[in-house]
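# A closer look at the structure
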Amino acid sequence: MSKLTDFLAGEKILVADGATGTQLLKAGLKAGVAPESWNLANPEAIRALHRGYIEAGANVVLTNTFGGSRFRLGRHGLEGQVKEINEAAARLAREVAGEAVFVFGDIGPSGELLKPLGKLPYEEAVAGLAEQAEGLLAGGVDAILIETMSDINEAKAAVEGVRKVNAEIPILVTFSFDTHGRTMMGAKPDKVAKEIWALGVTAMGANCGRTLTETLTAIEQMRAAVPEAVLMAKPNAGLPHATVGDTVYDVTPEIMAEYAHKFAEQKVKIFGGCCGSAPEHIRAIAEALK
């Protein structure tokens, strides 16, 4: 058993960090610039990002690599730096986290549609996500989190890609249920749960989404479908609203803390925030789950 799987077998809940993109925009990242480019160009901002969440009480941080695959980095002309960018991200997170905080290597969706709905062959998706995983593992992550998935086949390609690089590393997979209780590709929580848990992953669950209530409902349905599963959740801080010169999310830290208890009732083992959540949200969650 890894240190992570050993912890998940216990009674405590791991507190994960909050949003990456939201915080980096506040730190000065310009719109249209790949957040992952800052792993090389502005490492101190990335250290500060992780430090803020750890000081707030997070004992899991995600690497700044949501769009770190060749598919997404290619949109910024960075496809030749996949391994360098991902390894740098993992090393920065580990540098701040030390050994007391878990570092999850973050793999987001490719941004492409797999065949037959799109042009991306399954084998190419596997290869591209394996390349990203290789960089993350070289940087010393404790686990790989495949997140914000909407296509079950793409999630399977990501799991296969990670296992091509390292068959033993813990893998966690979360989907975004944001379209009438389904993913953007029409997958329902119960179907996702049954197919993903059958892959032998360490944990699965839901992240992002439209509202806390909808994400909680998805978790409830996943729990019902696979009662023995290890679940995690990282919901958005509600929906964004544009104000003069800023974007505000409608869920306060207090509301997020209240929902942390509701997710805990579903025996979620890892809980944090996604878009719009800041260190203040994570601090409130950590206090609520003590």
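In this report, the structure presented in the accompanying data block is examined.

Definitions and cut-offs
Residues numbered from 1 in each chain as written. Predicted model: local features only at pLDDT ≥ 70, side-chain atom pairs only at ≥ 80, totals over all residues. Heavy atoms only, no water. Helix = DSSP H or I, 4+ residues; strand = E, 2+ residues; numbered from the N terminus. Buried < 20%, exposed > 50% of the residue type's maximum accessible area, 1.4 Å probe, protein only. Contact = heavy atoms within 4.5 Å. Patch = residues over 30% accessible without salt bridge, like charges linked within 9 Å, V, L, I, M, F, W, Y side chains within 5 Å. Areas by Shrake-Rupley, 256 points an atom, 1.4 Å probe, with all protein chains shown as cover. Salt bridge = Lys/Arg side-chain N within 4 Å of Asp/Glu carboxyl O. Pairing = 2+ DSSP bridges. Axes fitted to C-alpha atoms, helices over the stretch in contact; angles between N-to-C directions. Left-handed = near helix turned anticlockwise from the far one by under 90°. Nonpolar A, V, L, I, M, F, W, Y, C, P; charged D, E, K, R; others polar. Core = buried A, V, L, I, M, F, W, Y, C linked by side-chain atoms within 4.5 Å. 1 Å grid on protein atoms, 1.4 Å probe; cavity = no way out; pocket = protein on both sides within 12 Å on 5 of 7 lines; lining within 4 Å. Points joined across faces, edges and corners; volume = space filled by probe spheres on them. Phe/Tyr/Trp six-rings, centres within 6.5 Å; stacked < 30°, edge-to-face > 60°. Lys NZ or Arg CZ within 6 Å of the ring centre and 35° of its normal.

The next subject is unusual backbone geometry. Pro 116 follows Lys 115 through a cis peptide bond whose omega is 5°. Mapping Pro 116 onto the fold places it in the loop between β3 (102–107) and α7 (122–138). The backbone phi angle of Cys 208 is positive, close to 60°, even though this residue is not glycine. In this fold, Cys 208 is placed in strand β6 (residues 203–208).

Every buried residue belonging to helix α12 (residues 279–288) is among Pro 279, His 281, Ile 282, Ala 284, Ile 285 and Ala 286, and all of these are buried. Contacts made by the buried residues of α12 are with β1 (14–15), α2 (21–26), α4 (43–56), α11 (253–265) and β10 (268–271).

On the surface, a cluster of nonpolar side chains totalling about 410 Å² of accessible area is made up of Leu 113, Leu 117, Met 184 and Met 185. Considering the arrangement of structural elements, one finds Met 184 in the loop between β5 (171–175) and α9 (189–197). On the basis of relative accessible area, Met 184 is assigned to the exposed category, the value being 60%.

What follows deals with the pairing of β10. Pairing between β1 and β10: two bridges, direction parallel. Within β10, the position partnered with Val 15 by the bridge is Phe 271. In this sheet, β10 lies alongside strand β7 (residues 231–235) in parallel orientation, the contact comprising three bridges. When the sheet's bridge partners are listed, Leu 231 is paired in β10 with Val 268.

What follows concerns the sheet that holds β10. Taken in spatial order, the eight strands line up as β1-β10-β7-β6-β5-β4-β3-β2 in an open sheet, and their pairing is parallel. At either end of the open sheet lies a strand with only one pairing partner, and these are β1 and β2 (60–62). Strands β5 and β6 of the sheet are contacted by α9, whose axis makes an angle of about 140° with β6.

Across the interface, α11 lies against α12 with an axial gap of 8 Å and an inter-helix angle of 40°. Pair α11 / α12 crosses with right-handed handedness. In this structure, α11 uses Pro 253, Met 256, Ala 257, Ala 260 and His 261 to contact α12, whose residues at the interface are Glu 280, His 281, Ala 284, Ile 285 and Ala 288. Partitioning the contact of α11 with α12 into residue classes produces seven nonpolar, two polar and one charged.

Here we take up the environment of Ala 88. Along the polypeptide, Ala 88 turns up in helix α6 (residues 82–97). Once the C-alpha coordinates of Ala 88 and Ala 138 are considered, the two residues, 50 residues apart in sequence, prove to be 9.2 Å apart. With residues up to four places along the chain from it excluded, the contact list for Ala 88 reads Asn 39 and Leu 40.

Counting 64 residues, the largest nonpolar core has Ile 146, Val 173, Phe 175, Ile 196 and Met 204 as its most contacted members. Filtering out sequence-adjacent residues up to four positions away, Phe 175 remains in contact with Met 149, Ser 150, Asp 151, Ile 152, Ala 155, Thr 183, Val 192, Ile 196, Gly 205, Ala 206 and Asn 207. Counting residues in hydrophobic clusters, the runner-up holds 15 residues, among them Ala 16, Val 60, Phe 102 and Val 230.

Right, let's talk about the layout of surface pockets for a bit. What the largest pocket holds in volume is close to 630 Å³. If you go around the largest pocket, you meet 34 residues; those closest to its centre are Thr 20, Gly 21, Pro 35, Glu 36 and Phe 66. Residue assignment for the lining of the largest pocket shows that the elements contributing at least two residues are α2, α5 (70–73), β4 (143–149) and β6. The leading source of residues in the lining of the largest pocket is α2, at three residues. Split by residue class, the lining of the largest pocket holds 14 nonpolar, 13 polar and seven charged.

Another aspect to go through is the packing of aromatic side chains. Counted under the stated rule, the structure contains three aromatic pairs. A centroid spacing of 6.4 Å and a plane angle of 25° characterise the contact between Phe 175 and Phe 177, whose relative ring orientation is stacked. Consider the rings of Phe 263 and Phe 271, whose centres lie 4.9 Å apart with planes at 35°: the pair is tilted. In this pair, the class of Phe 263 matches that of Phe 271, namely buried. It is Lys 262 that lies over the ring of Tyr 259; its NZ or CZ is 4.3 Å from the centre.

Overall, the coordinates contain 13 salt bridges when judged by the stated rule. Across the pair Arg 51 and Glu 44 runs a salt bridge whose closest N-O atoms are separated by 3.4 Å. For Glu 44, a relative accessible area of 40% translates into the label partly exposed. Among the charged side chains, a network of salt bridges with common partners joins Glu 44, Arg 47, Arg 51 and Glu 95.

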